[in-house]
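# Per-entry structural report
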Amino acid sequence: MPIKCELGNDTDRGPGHGILRISGLRSSSEQLDFTLMRNQGTEPYLGRRGAWQGEESLLQADVFSTEGGDVRARVGPEVVDAIGALPSNVAFQLAVVTERGKERGTLKVDRPLFGSGAAAPERASVRATPPPKPPEPVSEEPETTPVDLPPDREPVPESPVEEVVSPPIREPDKRGFPWLVALVVAFVIAVAGIGYWGYSSCWFAGIGHPQCETQEPAPVPTSESEPAPESEPTPEPEPGPESEPTPEPEPGPTATPPRASCEGLDAERCYKIADEAQTMGDLVRARELYQRAVRLGSVKASIRLGEMYDPYSWSKKTSPQEGPDWETAAYWYEDAARQGDTEGLVAAGRVLCRHGTSALERSRGLDFLKRASAQGVAQEISALMSDCGGNTQ
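To start, this report covers the structure provided alongside it. Residue indices follow the written sequence of each chain, beginning from 1 at its first position. Residues qualify for local features only when their pLDDT is at least 70, as the model is predicted, and side-chain atom pairs are given and counted only at 80 or more; totals for whole chains, interfaces and linings, by contrast, use all residues. Only hydrogens and water are removed before side-chain values are computed, so all heavy atoms of the structure are retained for them.

### Here we look at the state of the cysteines
Disulfide assignment relies on a single distance test, namely cysteine sulfur atoms paired within 2.5 Å. Here the structure, examined in full by the defined rule, presents 1 disulfide. Covalent S-S linkage joins Cys262 and Cys270, the inter-sulfur distance amounting to 2.0 Å. In this structure, the disulfide formed by Cys262 and Cys270 twists by about 80 degrees around the S-S bond and is classed as right-handed. Each residue is assigned to one of three classes by its accessible area relative to the maximum for its type, calculated with a 1.4 Å probe on protein chains only: buried under 20%, partly exposed between the two thresholds, exposed over 50%. Taking the relative accessible area as the measure of exposure, Cys262 reaches 4% and is therefore buried. Exposure remark for Cys270: the relative accessible area of 0% places this residue in the buried category.

Printed below as a string of structure tokens:
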């Protein structure tokens, strides 16, 4: 008998997270192992990094509720973003891996399924054919119906049109035209000369040569015996307290906006662009670029995403989240830890040992710390292993 599966939004954890509900499962455990397949495209199976691929891949989810044959588990962005980016006409089949084998069922998706906003929408391999455009209406000209005249009525002959002969155009007499042109040119030259003289002589206040603005015309003497009065010297202004010059604001550094996407780049270059966006304060864009770098294979990007949610390192200046979320931080840290990264092993062990609520989570955190200790990392390992109840020797 097939199982019944349904995927909906996780309102407690927000966009990018979902709750997987399974009914009719014959066996259950604290961890759910499953595979996911879609019915369209050349790469039908969902991989561990949220990308569709040609080979079947085993996915994991943490079970938080079990009642009879009903199981509820939490899934992260690698599942929610991959499904939410596809059209609603795509069907999915989920297979749960148990001790008895695989139990399969059709996955029902509650729409709309809210993704984290970071996943680039994948182009669907099968697209609906757009409906054909309606043909443009063809305007038909009305047919003219001939009118039959009565037999006793003959058509009136057209009256001949008399041709109107216009009188010949008389050409103007051009004998006086040169004299007229000469008079106009002379008048224009005279007006221009008078205007320039007035411009240079400062006849009108506010109109004239620039020197007229500061130089007053000298008074004209009334007679030869009366000399023109000398102009009084302008008193110099009394020295006052020297005012300090207002310093001009220094131009700040010109910030080059980071690149908007990682299209066509490798994992290392995409990670650097995400770092630049975080430095510039564009935290939402930085989170999107970090997730794109993780899909390209960057382990350091997984560490940076974990730090955005980790209660140990969360800050409004470095994270777009309203508050810390240790479960999402553990998700990204474990992605780096599974690849053997030392920093990811220590961070995943610290989060699971200090915030894990179940024995399974604390056991998984202790395992990560032991692997980090085997790589020669001694800082904070002893105290963290004690929090998980492990042997520090």
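So that's the structure; there's more coming.
### Structural notes on the nonpolar core
In this structure, Tyr290 and Tyr333 are the most contacted members of the largest nonpolar core, which totals 39 residues. If you list the elements that add at least two residues to this core, you get helix H3 (267-279), helix H4 (283-296), helix H5 (299-309), helix H6 (326-337), helix H7 (342-355), helix H8 (359-374) and helix H9 (381-387). Should any heavy atoms of two residues lie within 4.5 Å, those residues are considered in contact. Among all residues touching Tyr290, those that are not within four sequence positions of it are Tyr271, Ala274, Asp275, Gln278, Ala301, Arg304, Leu305 and Met308. As used here, the term nonpolar core means buried Ala, Val, Leu, Ile, Met, Phe, Trp, Tyr and Cys residues forming a set that is joined through side-chain atoms within 4.5 Å. Here a helix means four or more residues in a row that DSSP labels H or I, a strand means two or more in a row labelled E, and each is numbered from the N terminus.

### Considerations on the packing of aromatic side chains
For Phe, Tyr and Trp, rings pair up if their centres lie within 6.5 Å, where Trp contributes its six-membered ring, and each pair is then called stacked (planes under 30 degrees apart), edge-to-face (over 60) or tilted (otherwise). What the rule picks out here adds up to 3 aromatic pairs. Each ring, one from Trp52 and one from Phe92, has its centre 6.2 Å from the other, and the planes form 20 degrees; the classification is stacked. Here Trp52, found in strand E5 (residues 52-53), pairs with Phe92, found in strand E8 (residues 92-98); they are 40 residues apart in sequence, far enough to count as distant. You'll find Trp52 and Phe92 in the same group, each marked buried. Ring geometry for Tyr331 and Trp332: centres 5.0 Å apart, planes at 80 degrees, overall edge-to-face. With a relative accessible area of 7%, Trp332 lands in the buried category. Lysine and arginine charges are scored as sitting over a ring when NZ or CZ, respectively, is within 6 Å of the ring centre and within 35 degrees of the ring normal. Sitting above the plane of the Tyr312 ring, Arg350 keeps its charged end 4.5 Å from the centroid.

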